[in-house]
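Structure at a glance
Residues per chain are reported as follows:
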Amino acid sequence: YWLSFEPQTQARHARLTREAERSGAPLTVDTRVDAGRAVTEITLYTADHAGLFSRIAGALALAGANIVDAKILTLSNGMALDTFTVQDQSGGAFDRPDKLAKLAVLFENVLSGRVKPHLELAKPGAIPSRTRVFTVPPRVLIDNKASLTHTVIEVNGRDRPGLLFEVTRALTGLNLQISSAKISTYGEKVVDVFYVKDLFGHKVEHEQRLKDIRERLIEVMGERSTAKAAAE
């Protein structure tokens, strides 16, 4: 955490978490527009649970926000502090008041289960793709030496609306806990790194299990339809 954020951001996080604890709010959302970089930084503070990252990514996709960077953390008190850097579909800051208001409602509805992203994203024309013309071969790398406590999974491939939601949903479906992640987008290409453990809090080291994870993620990163994902 100390290496990932600047001191000013850490101070802002401290104020956010302190106010959330004081008010007892189940979900706290902080939004900061960075006009110079043409991005919007969205920070969420809420109780961590399996599939949380995936649900947040799904809400962002439904709102039409493109995720260009993400850092997720689980604090020692069991709360998640997730920061997403997003843009709108035209590559500008996601800063329209009506869109930000819609996003706040979506977060609440998705996290409560009233809205299910995999069903909404499967609807025809739910969100347009700006990278459909590009081809980027999918690649999945799994490393058990980079971390003493986690299995590190890196996925590369063509960016598309809802991709991060599909990848994180697949990881949850594989019974993996995402402890932290670094999401990066380079034009039409994504490079996403996840630090994961199994349900018992251990690294994933069984060869067949690693093979299953790699094959599942290659399938998701490939040119599969969201409609297929909705049927699963």
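Right above here is the structure, for reference.
Residues numbered from 1 in each chain as written. Predicted model: local features only at pLDDT ≥ 70, side-chain atom pairs only at ≥ 80, totals over all residues. Heavy atoms only, no water.

**A closer look at the packing of aromatic side chains**
- Following the criterion strictly, the structure yields four aromatic pairs and no others.
- For the pair Y1 and W2, a centre-to-centre distance of 5.1 Å together with 80° between the ring planes defines the contact as edge-to-face.
- Relative accessible area serves as the criterion here: at 28%, Y1 is assigned to the partly exposed category.
- Centroid distance Y1 to F5: 5.2 Å. Interplanar angle 40°. Geometry classified as tilted.
- Note on F5: relative accessible area 9%, which makes it buried.
- In textbook terms, an aromatic cluster arises when at least three aromatic residues are bridged by ring pairs, as seen for Y1, W2 and F5.
- In this structure, K71 packs its charged tip against the face of F5, placed 5.5 Å from the ring centre. (Phe/Tyr/Trp six-rings, centres within 6.5 Å; stacked < 30°, edge-to-face > 60°. Buried < 20%, exposed > 50% of the residue type's maximum accessible area, 1.4 Å probe, protein only. Lys NZ or Arg CZ within 6 Å of the ring centre and 35° of its normal.)

**What to know about the pairing of strand β6 (residues 151-158)**
- Where burial is concerned, most of β6 is hidden: seven out of the eight residues are buried.
- Relative to β6, strand β5 (residues 139-143) runs antiparallel, the two sharing five bridges. Among the inter-strand pairings, L141 is bridged to a residue of β6, identified as E154.
- As paired strands, β6 and strand β8 (residues 189-198) are joined by eight bridges and run antiparallel to one another. For E154, the partnering residue across the bridge sits in β8 and is V193. (Helix = DSSP H or I, 4+ residues; strand = E, 2+ residues; numbered from the N terminus. Pairing = 2+ DSSP bridges.)

**Describing the sheet that holds β8**
- Taken together, the eight strands give an open sheet; going across it, the order is β1-β2-β4-β3-β7-β8-β6-β5, and neighbouring strands pair in antiparallel fashion. Looking along the sheet, the strands with just one partner apiece sit at the ends: β1 (27-34) and β5. The mean inter-strand angle of the sheet, taken between neighbouring strand axes irrespective of direction, is 15°.
- The pairing of strand β2 (residues 39-47) with strand β4 (residues 79-87) spans eight bridges and is antiparallel. From the neighbouring strand, I42 faces β4, where its bridge partner is F84.
- Packed on one face of the sheet, helix α1 (residues 7-23) meets β1, β2 and β4 and runs near 40° to β2.
- Relative to the sheet, helix α5 (residues 163-173) contacts β3 (66-74), β4, β6, β7 (176-186) and β8, its axis offset from that of β8 by approximately 20°. (Axes fitted to C-alpha atoms, helices over the stretch in contact; angles between N-to-C directions. Contact = heavy atoms within 4.5 Å.)

**Structural notes on the pairing of β7**
- Across four bridges, β3 lies against β7 in antiparallel orientation. Paired with K71 across the strands is K182, a residue of β7.
- Taking the residues that link successive antiparallel strands as the turn, the β7-β8 hairpin has two residues, and the phi of G187 there is positive, at about 65°.

**Focus: the nonpolar core**
- In this structure, L60, F84, I153 and F194 are the most contacted members of the largest nonpolar core, which totals 50 residues.
- The next biggest cluster of nonpolar side chains, apart from the first, holds five residues, and it includes A20, Y45, M79 and L81. (Core = buried A, V, L, I, M, F, W, Y, C linked by side-chain atoms within 4.5 Å.)

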